[in-house]
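# Coordinate inspection notes
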Amino acid sequence: HLPLCDWQRIESWSTGQGVPDMNGCYDGKEFWVELKQTAAWAVQVSPQLVAWLERRARHGGRVKIAVRQKTTAGPRKGAAVDALHLLPARESRRLATEGLQNCDCLGFWSGGPARWDWEDILNLLPV
């Protein structure tokens, strides 16, 4: 959904523990994105990832966490959800300890990828 970016997926943990999943470059600005998915509010974030994100952000790195919250509808679950929460790196520790509902998001989009505002997302990634 973001073809204007040059993307490099980081496939191996051997590149360094805690390194985010994606490295991107758009309009001359390089950034990193950690991809997560959850069906609820809890998101598994390793201590190594928290350390990497906090360290890189302290040095001015552009790092975001993209969490897709996706559930199916059901009598006990309520309505289906397919939303994207975009968080700054500084929220990684809170995400790991308190969950998604307690984090300050840069942006939130619902309705699934076809309805998400990809231009808005693109503009927030390299900030």
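It should be noted that the structure appears before, not after, this text.
Attention here is on the structure that accompanies the text. (Residues numbered from 1 in each chain as written. Predicted model: local features only at pLDDT ≥ 70, side-chain atom pairs only at ≥ 80, totals over all residues. Heavy atoms only, no water.)

All right, on to the pattern of salt bridges then. Summed over all chains, the structure comprises 5 salt bridges. We note a salt bridge from Arg94 to Glu91, for which the minimum N-O separation is 3.5 Å. The residue Arg94 makes a salt bridge to Asp104 at a minimum N-O spacing of 3.7 Å. Linking Arg94 in helix H2 (residues 92-98) with Asp104 in the loop between H2 and strand S6 (107-109), this pair joins segments that are 10 residues apart in sequence. Under the relative-accessibility criterion, Arg94 is labelled partly exposed at 31%. Residue classification places Asp104 among the partly exposed positions, given a relative accessible area of 46%. Several salt bridges converge on common partners, so that one network encompasses Glu91, Arg94 and Asp104. (Salt bridge = Lys/Arg side-chain N within 4 Å of Asp/Glu carboxyl O. Helix = DSSP H or I, 4+ residues; strand = E, 2+ residues; numbered from the N terminus. Buried < 20%, exposed > 50% of the residue type's maximum accessible area, 1.4 Å probe, protein only.)

Examined against the element boundaries, Thr71 turns out to sit in strand S4 (residues 63-71). For Thr71, a relative accessible area of 17% puts it in the buried group.

Turning to the layout of surface pockets, a few remarks are in order. Within this model, the largest pocket holds a volume of roughly 340 Å³. Looking at the largest pocket, it is lined by 16 residues, and the ones nearest its centre are Leu2, Leu35, Ala66, Leu84 and Trp118. Those elements giving two or more residues to the lining of the largest pocket turn out to be strand S3 (29-38), S4, strand S5 (81-88) and helix H3 (118-124). Across the lining of the largest pocket, the residue classes tally to 13 nonpolar, 1 polar and 2 charged. By volume, the second largest pocket is sized at about 150 Å³. Contributing to the lining of the second largest pocket are Ala57, Gly61, Arg62, Val63, Lys64, Pro88, Ala89, Arg90, Leu106, Leu124 and Val127. When its residues are assigned to classes, the lining of the second largest pocket shows 7 nonpolar, 1 polar and 3 charged. (1 Å grid on protein atoms, 1.4 Å probe; cavity = no way out; pocket = protein on both sides within 12 Å on 5 of 7 lines; lining within 4 Å. Points joined across faces, edges and corners; volume = space filled by probe spheres on them. Nonpolar A, V, L, I, M, F, W, Y, C, P; charged D, E, K, R; others polar.)

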